[in-house]
Amino acid sequence: MFSSQDLDVVQQLSASMSVEQIAGYFGISKTTYYEVAKRQPELLERYKQGKSRRIAEYSEIVHQHILNGDKDLLKFYLRTQAGWTDKKEETSVTELPPINIHLMSPSDISS
């Protein structure tokens, strides 16, 4: 079981470390970490909270840079978050050869 203080550390470390790295910090395997998390769900909750808070902090920094005119960061954001691309799609048009249709009557077929 992770103590209340351990959970605080997990939340702090999760901002910059993976589950595997945090498990190593506590001297356990990643598998053991997840086994403990099954019995103590707040372990993963605190991990997610720490990670989410860091993402929120970084998102705010990115947002401020974009508002200050950083066009490269704006392009990066749009590519990764909105599926935007600055590549021009070229549609190639292939002209098909003319099709000749010959109609035949039943009498032409039997001859």
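Sequence order as written defines residue numbering, which begins from 1 separately in each chain. Totals for whole chains, interfaces and linings use all residues, but because this is a predicted model, local features are given only for residues with pLDDT of at least 70 and pairs of side-chain atoms are given and counted only at 80 or more. To obtain the side-chain values, all non-hydrogen atoms of the structure were included, while hydrogens and water were left out.

Enquirer: Is there a simple way to think about the pattern of salt bridges in this case?
Expert: Oppositely charged side chains can pair when the atoms bearing their charge come close. Should a side-chain nitrogen of Lys or Arg be within 4 Å of a carboxyl oxygen of Asp or Glu, the pair is scored as a salt bridge. Counting across every chain of the model gives three salt bridges. Glutamate 57 serves as the salt-bridge partner of arginine 54, at 3.5 Å between the closest nitrogen and oxygen. One end of the pair is arginine 54 and the other is glutamate 57, both in helix H4 (residues 42–67) and three residues apart, which spans about a single turn. Burial here depends on accessible area, computed with a 1.4 Å probe over protein chains only, as a share of the maximum for the residue type. Under 20% is buried, over 50% is exposed, and the range in between is partly exposed. On the basis of relative accessibility, which here comes to 44%, the residue glutamate 57 falls in the partly exposed class. Counting from the N terminus, the helices are the DSSP runs of H or I reaching at least four residues and the strands are the DSSP runs of E reaching at least two.

Enquirer: Whenever I open this one, helix H1 (residues 4–13) confuses me. Can you help?
Expert: Each turn of an α-helix holds 3.6 residues, which means side chains three or four residues apart point in the same direction. When we look at burial in H1, the residues that qualify are Leu7, Val10, Gln11 and Leu13. Residues of H1 that are buried sit in contact with helix H2 (19–25), helix H3 (30–39) and H4. Two residues qualify as a contact provided that any one of their heavy atoms is within 4.5 Å of a heavy atom in the partner residue.

Enquirer: Where do I start with the nonpolar core in this structure?
Expert: In summary, soluble globular proteins display a tendency toward joint burial of nonpolar side chains. Only buried residues count toward a nonpolar core. Its members are Ala, Val, Leu, Ile, Met, Phe, Trp, Tyr and Cys residues joined through side-chain atoms within 4.5 Å. Phe2, Val10, Ile22, Tyr33, Leu43 and Tyr47 are the most contacted members of the largest nonpolar core, which totals 13 residues. Elements supplying a minimum of two residues to this core: H1, H2, H3 and H4. Apart from the residues within four sequence positions on either side, tyrosine 33 is in contact with Phe2, Val10, Val19, Ile22, Ala23, Ile28, Leu43, Leu44 and Tyr47.

Enquirer: Hey, could you run me through the packing of H1 against H4 in this one?
Expert: Think of two packed helices as two axes; the pair is described by the angle between the axes and how far apart they sit. Where H1 meets H4, the axes come as close as 7 Å, and the angle between the chain directions of the two elements is 35 degrees. With respect to the hand of their crossing, H1 and H4 are arranged in right-handed fashion. Packed against H1, whose contacting residues are Leu7, Asp8, Val10 and Gln11, the element H4 presents Glu42, Leu43, Arg46, Tyr47, Gln49, Gly50 and Arg53 at the interface. Note on residue classes: Ala, Val, Leu, Ile, Met, Phe, Trp, Tyr, Cys and Pro are nonpolar, Asp, Glu, Lys and Arg are charged, and everything else, Gly too, is polar. Of the residues belonging to the contact of H1 with H4, the class tally is four nonpolar, three polar and four charged. For helices, the fitted line uses only the C-alpha atoms of the stretch in contact; every axis is such a line through C-alpha atoms, and the angle between N-to-C directions lies from 0 to 180 degrees. Helix crossings fall into two classes, left-handed where the near helix is turned counterclockwise from the far one by less than a right angle and right-handed where it is turned clockwise.

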